[in-house]
Amino acid sequence: EAVAADWMLEFACCCLCRHFGEECPAEFRRWRDVAQALINGLSKIPTHQKKTVYLCQLLIRIAKGKNLECHFENDQRISPLESALSFWTLLEREEIKLVKLHEDIRRLIQIQIVAVHMENGYFKEAAEVLERLFTDSESDKPLRVKLATVVKSKDPYVPLLQSFSYNLLISKIKSYIELFVKENESNFLIQAATKQVESKGLGATALQNKTVNVNENDKRNLETKRRFVLSIILLRDMLRQMQNCCLNVESSLVWTYINCVLGLNSLQNVEKHGDASACGRRRQRWTYKEDLELKSGIREFGVGNWAKILVHGDFNNRTSVMLKDRWRTLCRIE
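Residues numbered from 1 in each chain as written. Predicted model: local features only at pLDDT ≥ 70, side-chain atom pairs only at ≥ 80, totals over all residues. Heavy atoms only, no water.

- An unreviewed UniProt entry lists the chain under the name Telomeric repeat-binding factor 1, with Eudyptes chrysocome as the source organism.

If you want it as structure tokens, here you go:
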């Protein structure tokens, strides 16, 4: 399960990067929820996943950068951009290249932290955040002095803030994303799947038959291997779609896999009724309790956040697409 979650986190990060670069807010929000759910499931961040996690958290915060009502930290004074700066610092520590780009992005984030407060008329808060950004009086002294002058002027349209605009910050982040994706360009899903199959000794026969022969007394080992094989099967079918360059993130196949990773599906039910990706799910009536769970989730997370509602609700082997369809049905009935 941890291995499958690792693959999906990397895949979710790639989707976040793509939708951030293409400025597709709806798709970005969808994969933001998936990435956040996977990250929240980590007891600790493995070394090889640090850059992936930090980049996801950075993009999520940059996307909310101008919304001062949004908070990612327990300290309500910390704006999304100030929180983003902490993850950018962690990313910088993981890399030794791109020094110039790192400096540019750091400077832009610092300037925009102050600029966003000033654009909203929070001049006192802008002065306070300036103190937090430059605790060391000698660090980046020229920039600190310039920003202090800008804050005193109470003019959010001074040349400095216009020259180092939010749009420029987004542009630089996109440049960094392009380099990140290029450096990590590989068929990571299929490579990881192949390596794990070989290391676990499952072999091609297991994939063909969709079963694993293990000692009947070792139930825990059986369940673990069943989970693993199902993940491989779903990965294989998903990659077939990707090879045709027509991957649709709305498709039940992808969301079935995500639900599997998050531990939301009954593997016994999938095994009993056949390959979920090939045969679909057997129709089952919605219970009154499930309808209540759906309505409660919509009140808490809003219409459209089906993945998040699915994670937090108690549904019987449903997918996010099923939740969306059921909500449409309930709206028509009411």
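## Quick word on the pattern of salt bridges
- For the structure shown, the criterion picks out 13 salt bridges.
- A salt bridge links Arg-30 to Glu-27; the shortest N-O distance between them is 3.3 Å. Here Arg-30 and its partner Glu-27 are both found in helix α2 (residues 25-40), 3 residues apart, which amounts to about one turn of the helix.
- The class of Arg-30 is partly exposed, set by a relative accessible area of 22%.
- Lys-100 serves as the salt-bridge partner of Asp-104, at 2.9 Å between the closest nitrogen and oxygen. Taken together, the residues Asp-104 and Lys-100, both in helix α5 (residues 99-119) and 4 residues apart, mark about one turn of the helix.
- Overall, Lys-100 belongs to the exposed group, its relative accessible area being 54%.
- Through salt bridges that share partners, Lys-100, Asp-104, Arg-107 and Lys-172 make up one connected network. (Salt bridge = Lys/Arg side-chain N within 4 Å of Asp/Glu carboxyl O. Helix = DSSP H or I, 4+ residues; strand = E, 2+ residues; numbered from the N terminus. Buried < 20%, exposed > 50% of the residue type's maximum accessible area, 1.4 Å probe, protein only.)

## Comments concerning the state of the cysteines
- Counted under the stated rule, the structure contains 0 disulfides.
- With no disulfide of its own, Cys-17 lies 4.3 Å from the sulfur of Cys-13, the closest cysteine sulfur. (Disulfide = S-S within 2.5 Å.)

## What about the packing of aromatic side chains?
- Going through the model one piece at a time under the given rule, you end up with 6 aromatic pairs.
- Each ring, one from Phe-11 and one from Trp-31, has its centre 5.5 Å from the other, and the planes form 90 degrees; the classification is edge-to-face. Here Trp-31 lies in helix α2 and Phe-11 lies in helix α1 (residues 2-21), a separation of 20 residues in the sequence.
- For the ring pair Phe-20 and Phe-28, a centre distance of 6.0 Å and an interplane angle of 55 degrees mean the geometry is tilted. Judged on exposure class, the residue Phe-20 and its partner Phe-28 are both buried.
- Clustering of aromatic rings is evident, with ring pairs tying together Trp-88, Tyr-176 and Phe-180. (Phe/Tyr/Trp six-rings, centres within 6.5 Å; stacked < 30°, edge-to-face > 60°.)

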